[in-house]
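# Working through the structure, step by step
Residue-level listing of the chains:
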Amino acid sequence: MILPLSGIRVLSMEQAVALPFATRHLADLGADVIRIQSHKRRSPGTGEIDLTRNKRQLAIDLAAPGGRDIFLRIARECDVVAHNFTPRVVRQFGIDYEGVRRVRPDVIYVSLTGFGTTGPWGERPLFGPGAEAVAGHNLLIGDPDAWPGRPGTNVYGDVVCGMNATFAVLAALEERERTGRGQHIDISLYETAVSFLGPVIAAAQLGAEPRRLANQDANFAVHGVFDCAGTDRHIALAVRSDQMDDLAAALGITEPSAAAVQQALASMDADTATSKLQARGIAAHVVSDAADVVNDEHLWSRRYFATVERSFTGKPELYAHAGPAWGGGPLVPLQEAHPLGADTAVILREIGGYSDEEVAEFARADVIGLGERDQFRGWPAPDPVRVTRGELSRIEPDHDGWKRFARPAEAAR
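Residues numbered from 1 in each chain as written. Predicted model: local features only at pLDDT ≥ 70, side-chain atom pairs only at ≥ 80, totals over all residues. Heavy atoms only, no water.

Next up on the list: the overall build of the chain. Secondary structure assignment for the chain yields 18 helices and twelve strands. Structurally, the chain occupies a C-alpha span of about 80 × 60 × 45 Å along its principal axes. Counting all 413 residues of the chain, 45% fall into the buried class. In the chain, the proportion of contacts linking residues at least 24 apart, taken out of those at least 6 apart, comes to 68%. For the chain, the accessible surface area stands at approximately 21,100 Å², while carbon and sulfur atoms represent 53% of it. Averaging the positions of the 43 positive and the 54 negative side-chain charges in the chain gives two centres separated by 4 Å. (Helix = DSSP H or I, 4+ residues; strand = E, 2+ residues; numbered from the N terminus. Buried < 20%, exposed > 50% of the residue type's maximum accessible area, 1.4 Å probe, protein only. Contact = heavy atoms within 4.5 Å. Areas by Shrake-Rupley, 256 points an atom, 1.4 Å probe, with all protein chains shown as cover. Lys, Arg positive; Asp, Glu negative; His and termini not counted. Charge placed at Lys NZ, Arg CZ, Asp CG, Glu CD.)

Listed below in structure tokens is the structure:
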């Protein structure tokens, strides 16, 4: 199958989450993504397949004599060059936009930074959680009487920025095809985090100060998350004012107040409650955990998930992984994450034009790395003791129930 970005090559100096998330989508679209890191620094384990899948791994020490020259020789053959370091770092090595453009005039160069490459905060470092805080998200999240919260994932700001970067690269590739010109994409965690706070910013300009509402919403008569029967099981409701009679009928209560709703739901199974409410047109659903999501028949029926054969336990086993954000997981061939440096020799020979002798000399001089030092050996097995310590809420016995939805050829492996 020919994917949309087949023939496009991306060289990405990436760490953390935002840029790896962006280039993951480019790889899913068929681009040859080369992830570059120093082999002298500890790298993310290959367990992070969602950030490293479908990518090749190139290990170069840019600070070593000759490291920058190798980088630029590879960059010369790439359509997109990206980084998520502070501007000072890439200027220091002479691999900023101007440096790369000298060897590849039509390059699409992506600077994904905390605050952008210009302005008074341009050199400040920033990660996703900090972006959520500085953009004002935290003061909008959580209980009104408690300290400010943050989204339930530690990478919310990262993935929003990463997806915006993906769109920007796609637009730049189309522009280059039309005009022949490359460009510098200067995108920041801060600005993309601010970009979807429009209503809050508009309210502030009118003198209003939005307060934290926890799970409440002024547009609904009943809106929130309610406890259900079982361990750590809940249901989320969004009930309009004209649906209050339907809410009362579905739950068998006379007065559909939040307190009465909670009392009724406390003795009900979350799935049963969801079915009863949905049958009356009320937006309601179980508050899912990871096991619920991976075992969701709806997602599997839409072919959202894909499967990858991995060898964490010493023997090949099948694992489910999220496909591209636009769905069609099985249509995109997911490749296992490569160890850091696993593709260095091939990339230097095929793209850089270096001989076997030159590659061997680079390795002897420790300018490049040819293999990862610390390989991922799998996640720790669920242990009941971790439940009592509060690390896990429970152990899901049907955690691999998703295999019944996989295609027969996959499930048989």
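So, on to the side chain of Asp79. By the element assignment, Asp79 lies in the loop between helix H3 (67-75) and strand S4 (80-83). Overall, the relative accessible area of 10% leaves Asp79 in the buried class. Within the structure, the side chain of Asp79 is placed 2.8 Å from the backbone nitrogen of Arg9, a separation counted as a polar contact. At 2.8 Å, the side chain of Asp79 and the side chain of Arg176 are in polar contact. (Polar contact = N/O pair within 3.5 Å; in protein donor to acceptor, adjacent residues only side chain to side chain.)

Under the defined criterion, the tally for this structure stands at 23 salt bridges. The partner of Asp366 in a salt bridge is Lys40, and the shortest N-O contact between them spans 3.7 Å. Highlighted residues: Asp366 in the loop between helix H16 (356-364) and strand S12 (368-369) and Lys40 in the loop between strand S2 (32-37) and helix H2 (49-52), separated in sequence by 326 residues. Look at Asp366 and you get partly exposed, because its relative accessible area is 30%. According to the relative accessible area criterion, Lys40 is partly exposed, its value standing at 40%. (Salt bridge = Lys/Arg side-chain N within 4 Å of Asp/Glu carboxyl O.)

Glancing now at the nonpolar core. Grouped together as the largest cluster of nonpolar side chains are 32 residues, with contacts concentrated most on Leu11, Phe71, Val81, Ile95, Val100 and Leu348. Going through the elements one at a time, strand S1 (9-13), S2, strand S3 (55-60), H3, helix H4 (87-92), helix H5 (97-101), helix H15 (344-350) and H16 are the ones with two or more residues in this core. When residues of this core are assigned to their parent elements, the largest contribution, five residues, is made by H3. For Ile95, the residues in contact, after removing those within four places along its chain, are Met13, Leu62, Arg68, Phe71, Leu72, Val90, Val100 and Tyr109. Of all hydrophobic cores here, the second largest spans 27 residues; its members include Ala18, Leu112, Leu173 and Ile187. (Core = buried A, V, L, I, M, F, W, Y, C linked by side-chain atoms within 4.5 Å.)

Moving on, we get to the sheet that holds S12. In spatial order, the strands read S6-S5-S4-S1-S2-S3-S12; together these seven strands make up an open sheet with mixed pairing. The open sheet has two free edges, formed respectively by strand S6 (183-188) and S12, since each of these has just one partner strand. Pairing analysis gives two bridges linking S3 to S12, with the strands arranged antiparallel. What sits directly across from Ala59, in S12, is Gly369. The strands touched by H3 within the sheet are S1, S2, S3, S4 and S12, with S1 carrying the most contacts at an inclination of about 150°. (Pairing = 2+ DSSP bridges. Axes fitted to C-alpha atoms, helices over the stretch in contact; angles between N-to-C directions.)

A few words on the packing of aromatic side chains. In this structure the tally under the stated criterion is nine aromatic pairs. Here Phe115 and Trp121 contribute two aromatic rings whose centre-to-centre distance is 5.2 Å and whose plane-to-plane angle is 75°, an arrangement assigned as edge-to-face. Aromatic side chains Tyr304 and Phe305 sit 5.2 Å apart centroid to centroid with 75° between the ring planes, which places their arrangement in the edge-to-face category. Relative accessible area serves as the criterion here: at 25%, Tyr304 is assigned to the partly exposed category. Here the aromatic residues Trp300, Tyr304, Phe305 and Trp402 are joined through ring pairs into a cluster of three or more. One Lys or Arg, Arg73, reaches over the ring of Tyr354 and ends 3.9 Å from the middle of that ring. (Phe/Tyr/Trp six-rings, centres within 6.5 Å; stacked < 30°, edge-to-face > 60°. Lys NZ or Arg CZ within 6 Å of the ring centre and 35° of its normal.)

It is worth spelling out the pairing of strand S8 (residues 234-239) at this point. Summarising burial for S8: five of the six residues are buried, a large majority. The pairing of strand S7 (residues 222-227) with S8 spans six bridges and is antiparallel. Across the sheet, residue His223 finds its bridge partner in S8, namely Ala238. The hairpin turn running from S7 into S8, its antiparallel successor, is six residues long, and Gly230 in that turn takes a positive phi close to 105°. In terms of strand pairing, S8 meets strand S9 (residues 283-286) through four bridges, oriented antiparallel. Counterpart to Ala238 in the pairing with S9 is Ala283.

On to the sheet that holds S8. Read across the sheet, three strands follow the order S7-S8-S9 without closing on themselves; strand pairing throughout is antiparallel. Looking at strand neighbours, the two that pair on one side only are S7 and S9, the edges of this open sheet. Each neighbouring strand pair of the sheet contributes to a mean axis angle of 10°, computed without reference to strand direction. Contacting S7 and S8, helix H11 (residues 258-265) runs over the sheet at an angle of about 30° to S7.

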